[in-house]
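# Structural overview
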Amino acid sequence: MKKKSKPFFKKDQISCFIIFLLVTLTVILFSYAEMMRWDGLLPLGTERVLFFTLILLCLLQSANLLLCLFFRFITIEKKLLIMIGSMAISFSLLGYFAFVINHNITFLDALYRSIQLFVGEFDTSAFGDAKIPLLINLARFLALFVTFGTIVIIILRQRIYHLNLKLLYKDIVIIADKPDQYIKDLAENFTRSKRKVIIGYTDDSLSVDQEISSGIPMIPVSLSKNTLSQLKICNIRNAKCIYLFCDHAKDNILLLKSIYQLLKPYGKNPVKSAAADPSAPLTDADTINNLIKEYCRTVFPDESAAEIQAEYSLPDEKVFYIRYSSDEEREYYSLDEVFTHRSSAFTTYFINVFDISIRQMIALNSLVKNLKIDHTVSLSELKDKLEHIVIAVSGSGDVLYRTINEIAKNCLYNDQPSINIIYLKTKKSSSIDYSKMSPYLNEIVSIEEIDISDFEKRKAQISLLFISCPEELEIMSLLKEIFQYDLHTVISEYMILTDGDLIEYSILETYLESLLSPYHSGIRKFADHTFHPVIHLSRTKNLIFSIDHFYQQYGPSSHDVHLAYQKAFTNKILSDFNRLPEIFIESSLLSSLHHEFIIETINRIILLKTAEYDDTGKDEFYDEIRSYFEFLAITEHERWFNERLMQGCIYGEEQSYIYHKNSQLLHWNHLTKEQQESNTKYVINAIIMQTRKSIATKAMSPLKENLIKEYDFKASNIIKEEKP
């Protein structure tokens, strides 16, 4: 995909050029009118004066033209004043022309008197009893306008600039240590999508002149003094999304506390408790079959989508994204009261750049397509398909280790006690450094290291291959070995994530297209005609752009997950959603993400099985669907179990967030029948709410460009649209 070239001329330059044309045209018209008035009356020897006058006028207009087109760092209002000033000098010289040729004053004297007009001085000695010419009067007032305009800009410039920010920039604020290139890229991407962005920076070494010349409003924000007043200038009160992307989490927390203090009048109301929701807790009457019937009515609603939408509205609230680097850092700072006593007016999410990028890649995966659930499958067939999912990883650096952690927390699709991951080694790659991953990972994940050249002999098929590297060159080398050993003939879906340079990324795109060109042209084909691998490619820096869309889809659903949990486990005292520590709020988000797999699988099976039953066979239909739901509820419980282990939780009859104890932290087979049924009720009720909310908000959620490119072996390269 070719990179779009930036336009040479921007809107401000075009506006200035239009003003220049108007100024030039006005000067020409007045010059022509003045010369016509003296036509035939000019005495001999005035050609020299006329020549110098015209040369000076041409020089003034040429300078204006250069100013319009090339001096981009000069603001449009300054350019306007300069052009009006040149017009005043032009009019003054034309007005004094008659007095110069009559030898009342010299040409240099006329030029000096023209410049004097800007300081309010006007010598009338040259006119005598004659009337002051119209052009000189116009020049007098234009010169004073330029003088006072300059004074206003010097004195009120900052106030006008801040007022402009307050009135027009009501969308996104990004605060970082300094406007690094990826911060500027993020801001420019939002700007291209017609969103107003302000960048705040905490680095005191940057000057105001440097930041204003960038074209995007940049405001210094001190962490030690005048923080509130500087945050006001960033228009925090009116911003919809606020990205706190300082390198250190403690700086982001400090900024968040200041912002909460600034917004206190807007967020002082207590949080509405999830338990106070009018939906009553699930009772014995809410049998699993009844919940399944309700889910089927949701999938095939009797009422229209518009009527379902009437029950919901997109939340009009302020969203904060807080950057962190390590899980320990997030867990420590999330215990701060600013998070455990959240306001209902704001939503805050902790963000790790790698984690959120990997989750967006995982959300793009379609297991229904991968497993080929295109015909009615029995429960045993579904189990067999899910048990034979093979996940492989390759790559290097922190992005690889974060990928393995996210796979462990998200990609459990069966009831096996552990997740088996294959690490594909290349000739250049080294073994995995387990010290860089979660210390609890080895309890739930079994990693097998295999050379790419040896994997071909196993005749196994890889369902998902995650390639995560900091550099595109390494990805290219890895793909070369995969295709050399024909390993691509056994890989169903690739998830390629890089953290590298934009230029190298475009080269990697070209390389991918060249790898797939034999399949696009029909020169090469797969032996199995139903086998159609797909490659998903993106950069971590690109996926930052769609963070807000990802959380718009899964953020509200995480509230429903927690509410469903509260309703299902009526004998447990559970905290309100906005009183939970951050790790448990994230857990609800991950459950929401995993539910997408359940929803997609169940919906496909329901659609296929509905045709097999008439109205008299509905009870049999619901009983059969129940078995699928119960098995998928097991997968969600085991996924949740693995996630809790990675957080360092242990089993304990005492439920404690502080001590990381949980009474449900048992494998499914060790739960009581009551606990198993409660878990099944929780999952079904959660996905009912998630599905209804998805239907309700589908028409209201704007479609946005997806920054994950899809390369299909059976078609030319396309960019897949993101789900609404």
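Fair warning: this is a prediction, and the values are worked out from it, not measured in the lab.

Glancing now at the sheet that holds strand 12 (residues 534-539). Here seven strands make up an open sheet; going across it, the order is 9-8-7-10-11-12-15 and the pairing mixed. The open sheet has two edge strands, strand 9 (445-451) and strand 15 (709-712), and neither has a second partner. Each neighbouring strand pair of the sheet contributes to a mean axis angle of 20°, computed without reference to strand direction. Two strands pair when backbone bridges link them, and strand 10 (residues 462-469) and strand 11 (residues 491-498) are joined in this way by seven bridges, in the parallel orientation. Each residue of the ladder has a partner; that of Ile462, found in strand 11, is Ile491.

What follows deals with the pairing of strand 2 (residues 197-201). Extensive coverage of strand 2 is indicated by the burial of five of its five residues. With five bridges joining them, strand 1 (residues 172-176) and strand 2 adopt parallel strand pairing. Within strand 2, the position partnered with Ala176 by the bridge is Tyr201. With helix 6 (residues 181-192) bridging strand 1 and the parallel strand 2, this β-α-β connection has right-handed handedness.

Given a rise of 1.5 Å per residue, 14 residues ought to cover 20 Å, and the 20 Å separating the end C-alpha atoms of helix 9 (residues 249-262) matches this to within 8%. Burial analysis of helix 9 places ten of its 14 residues in the buried class, which makes it a mostly covered element. All of the buried residues along helix 9 are Ala249, Asp251, Asn252, Ile253, Leu255, Leu256, Ser258, Ile259, Tyr260 and Leu262.

Time to look at the packing of helix 17 (residues 379-387) against helix 25 (residues 618-646). Two quantities define a packed helix pair, namely the angle between the axes and the distance from one axis to the other. For the pair helix 17 and helix 25, interaxial distance at closest approach is 10 Å and the crossing angle is 25°. Considering their axes alone, helix 17 and helix 25 lie roughly parallel with respect to each other. For the pair helix 17 and helix 25, the crossing hand works out as right-handed. Contact residues: helix 17 offers Leu379, Leu382, Lys383 and Leu386, while helix 25 offers Ser627, Tyr628, Phe631 and Leu632. Looking at side-chain class alone, the contact of helix 17 with helix 25 contains six nonpolar, one polar and one charged residues.

Next up on the list: unusual backbone geometry. Positive phi, normally seen in glycine, also occurs at Asn235, with a value near 60°. Among the structural elements, Asn235 can be located in the loop between helix 8 (227-233) and strand 4 (241-244). Taking the relative accessible area as the measure of exposure, Asn235 reaches 4% and is therefore buried. Backbone geometry places Asp486, a non-glycine residue, at a positive phi of 55°. Tracing the backbone through its elements, the reader meets Asp486 in the loop between helix 20 (472-484) and strand 11. Accessibility expressed as a relative area gives 33% for Asp486, which makes it partly exposed.

The next point concerns the environment of Ser92. Position of Ser92 among the secondary structure elements: in helix 3 (residues 76-101). The sequence separation of Ser92 and Ala139 amounts to 47 residues, and the corresponding C-alpha distance is 5.4 Å. Among all residues touching Ser92, those that are not within four sequence positions of it are Ser114, Leu117, Ile136 and Ala139.

Each value, and the rule that gives it
Residues numbered from 1 in each chain as written. Predicted model: local features only at pLDDT ≥ 70, side-chain atom pairs only at ≥ 80, totals over all residues. Heavy atoms only, no water. Pairing = 2+ DSSP bridges. Helix = DSSP H or I, 4+ residues; strand = E, 2+ residues; numbered from the N terminus. Axes fitted to C-alpha atoms, helices over the stretch in contact; angles between N-to-C directions. Buried < 20%, exposed > 50% of the residue type's maximum accessible area, 1.4 Å probe, protein only. Right-handed = clockwise from strand over helix to strand, strands pointing away. Expected span 1.5 Å × (residues − 1). Parallel < 35°, antiparallel > 145°, perpendicular 65-115°, else oblique. Left-handed = near helix turned anticlockwise from the far one by under 90°. Contact = heavy atoms within 4.5 Å. Nonpolar A, V, L, I, M, F, W, Y, C, P; charged D, E, K, R; others polar.

Spatial relationships are all this shows, so hold off on functional conclusions.
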